[in-house]
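Residue strings, one per chain:
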Amino acid sequence: MIPRQHTLNTPYLVGPVHCYSAELAGELVLFDCGPPSVEAMAQLQRDIPLERLKHIVISHCHADHYGLAAQLQQQTGAKLYLPYRDHLMLSRAQEHIAGVLELLREAGFPDQFMTAFSEHISIPDRIYPIPPSDYLITEQDLPARLGISAMSCPGHSQSDLVLCGADWAVTGDIMLAGIFQAPLLEIDLLTGQRFSNYQAYCTSLERIATLRNKTILPGHRQRVSSVDNCLLFYLHKLLSRAERVRRFPATASAYDIIDNLLGINYELPYATYAKASEIIFIRDFLADPERLKTATINAGLYPLLADQLAAFIADQARHAS
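Residues numbered from 1 in each chain as written. Predicted model: local features only at pLDDT ≥ 70, side-chain atom pairs only at ≥ 80, totals over all residues. Heavy atoms only, no water.

Novice: Explain the overall build of the protein residue by residue, including any values.
Specialist: Assigned secondary structure in the protein consists of 13 helices and 12 strands. Relative to its length of 321 residues, the protein is compact, with a C-alpha radius of gyration of 20 Å against a globular reference of 20 Å. Across its three principal axes, the protein shows a C-alpha extent of roughly 65 × 45 × 35 Å. Out of the 321 residues belonging to the protein, those deemed buried represent 54%. Within the protein, counting contacts between residues at least 6 apart in sequence, those at least 24 apart form 72% of the total. Element-wise, carbon and sulfur atoms account for 50% of the exposed surface of the protein, whose accessible area totals about 13900 Å². (Helix = DSSP H or I, 4+ residues; strand = E, 2+ residues; numbered from the N terminus. Rg over C-alpha atoms; globule rule 2.2 N^0.38 Å. Buried < 20%, exposed > 50% of the residue type's maximum accessible area, 1.4 Å probe, protein only. Contact = heavy atoms within 4.5 Å. Areas by Shrake-Rupley, 256 points an atom, 1.4 Å probe, with all protein chains shown as cover.)

In structure tokens:
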């Protein structure tokens, strides 16, 4: 049985978000739960018999996907499951935010931007909703009887999980048709260092390729009809954007590059933060493009990308010398 899709409006630039519900082992399960809005809650109440809800499983803790988690849990008594790395960020929130600010400072951002960014993310429910007080860890505590496996696939954030049934996969924000999303710049609270988005992305690429025979249930837009086509879109976008980034000298900071290409947006500093994340991710790729080549080979994608990727790697070797 393929989970049922519920599309909820959000106040964010990403537009509407999809949640999914399914009866598994005789228990009602909700995958993701939408933004923290009165409208989203009212729609869930119309669409789902919340009095029967037993489990709420979150793909990643961004506001549009888990904003209603605390309220739903309190109202229904359902068990709530969050990714382990989101648990770390929620339980060590100040350390997490301080780490991100330090990474932005290392990327050349001035104190003026830090102040604007800090004020922007501190507004309740804008970026980080009020965290739930009681939850379980998906990777450890999800009941086996539900028949759901959780596969770690960092790509949009370090906490991204793919939630798989026998013939379907709820993929949150990591498989969006026609949308290229670079991983967000984040601190790794397990090591105290910058999270290695590029290394994780290459590993995730291989894991996502194993979903070819499943129905993909994404967090936004239409369903994904082809895993390969979706991944190839991301890879082509990465190569084209990397062409722009490598024109800048190695001494240019991420701040300098964004300021040159787009300008710094102090009104929407989170958007600038996302773009800084992309620049740093691309520079990690430029430093080691062979890692991506190996991932595409292991994922069975390299024959579809061989000429373009080989030419890019050769050009990058000449550029770096």
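Novice: Please provide a residue-by-residue account of the sheet that holds strand β3 (residues 27–31), values included.
Specialist: Strand order in the open sheet formed by six strands is β1-β2-β3-β4-β5-β6, and the pairing between neighbours is mixed. Two strands close off the open sheet at either side, each with one partner strand: β1 (4–8) and β6 (136–137). Pairing between strand β2 (residues 17–24) and β3: five bridges, direction antiparallel. Among the inter-strand pairings, Ser-21 is bridged to a residue of β3, identified as Leu-30. (Pairing = 2+ DSSP bridges.)

Novice: Residue-level account of the packing of helix α8 (residues 197–208) against helix α11 (residues 269–287), with values.
Specialist: At a closest axis distance of 8 Å, the pairing of α8 and α11 adopts a crossing angle of 75°. By the criterion of interaxial angle, the relationship of α8 to α11 is roughly perpendicular. Contact with α8, carried on its side by Asn-197, Tyr-198 and Tyr-201, involves Phe-281, Asp-284 and Phe-285 of α11 and no other residues of that element. Class assignment for the residues of the contact of α8 with α11 results in four nonpolar, one polar and one charged. (Axes fitted to C-alpha atoms, helices over the stretch in contact; angles between N-to-C directions. Parallel < 35°, antiparallel > 145°, perpendicular 65-115°, else oblique. Nonpolar A, V, L, I, M, F, W, Y, C, P; charged D, E, K, R; others polar.)

Novice: Quick rundown of helix α9 (residues 227–245)? Include the residues and the values.
Specialist: With 19 residues, α9 ought to run about 27 Å at 1.5 Å a step, and its terminal C-alpha atoms sit 27 Å apart, in line with that. Within α9 the residues assigned to the buried category are Val-227, Cys-230, Leu-231, Leu-232, Tyr-234, Leu-235, Leu-238, Leu-239, Ala-242 and Val-245. Looking at the buried residues of α9, the elements they touch are α8, β12 (215–218), α10 (254–261), α11, α12 (289–298) and α13 (306–320). (Expected span 1.5 Å × (residues − 1).)

Novice: Go over the side chain of Ser-253, please, and point to the residues and values.
Specialist: By secondary structure assignment, the location of Ser-253 is in the loop between α9 and α10. We classify Ser-253 as buried; its relative accessible area is 18%. In this structure the side chain of Ser-253 is engaged in a polar contact, spanning 3.0 Å, whose partner is the backbone nitrogen of Asp-256. Once you skip the residues sitting within four places of it in the chain, Ser-253 turns out to touch Ala-107, Gly-108 and Arg-283. (Polar contact = N/O pair within 3.5 Å; in protein donor to acceptor, adjacent residues only side chain to side chain.)

Novice: Can you break down the pattern of salt bridges residue by residue, with the values?
Specialist: Applying the stated criterion across every chain yields a total of 14 salt bridges. Arg-241 is the partner of Glu-278 in a salt bridge, and the nearest nitrogen-oxygen pair spans 3.0 Å. In this pair, Glu-278 is assigned in helix α11 and Arg-241 in helix α9, connecting sequence segments 37 residues apart. Note on Glu-278: relative accessible area 7%, which makes it buried. For Glu-278, the salt bridge is made with Lys-275, and the minimal N-O distance between the two is 3.2 Å. Of this pair, Glu-278 and Lys-275 are both found in helix α11, three residues apart, which corresponds to roughly one turn of the helix. Taken together, the shared-partner salt bridges in this structure form one network comprising Glu-243, Arg-246, Asp-315 and Arg-318. (Salt bridge = Lys/Arg side-chain N within 4 Å of Asp/Glu carboxyl O.)

Novice: Can you explain the packing of aromatic side chains? Please cite residues and give values.
Specialist: Taken as a whole and judged by the stated rule, the model has 13 aromatic pairs. On the basis of an interplanar angle of 70° and a centroid distance of 5.5 Å, the ring pair of Phe-31 and Trp-168 is categorised as edge-to-face. Highlighted residues: Phe-31 in strand β3 and Trp-168 in strand β9 (residues 168–172), separated in sequence by 137 residues. Exposure class is identical for Phe-31 and Trp-168. Each is buried. An aromatic cluster is built from Phe-109, Phe-113, Phe-117, Tyr-255, Tyr-266, Tyr-270 and Tyr-273, whose rings are joined through pairwise contacts. The residue whose ring lies beneath Arg-246 is Phe-312, and the NZ or CZ to ring-centre distance is 4.1 Å. (Phe/Tyr/Trp six-rings, centres within 6.5 Å; stacked < 30°, edge-to-face > 60°. Lys NZ or Arg CZ within 6 Å of the ring centre and 35° of its normal.)

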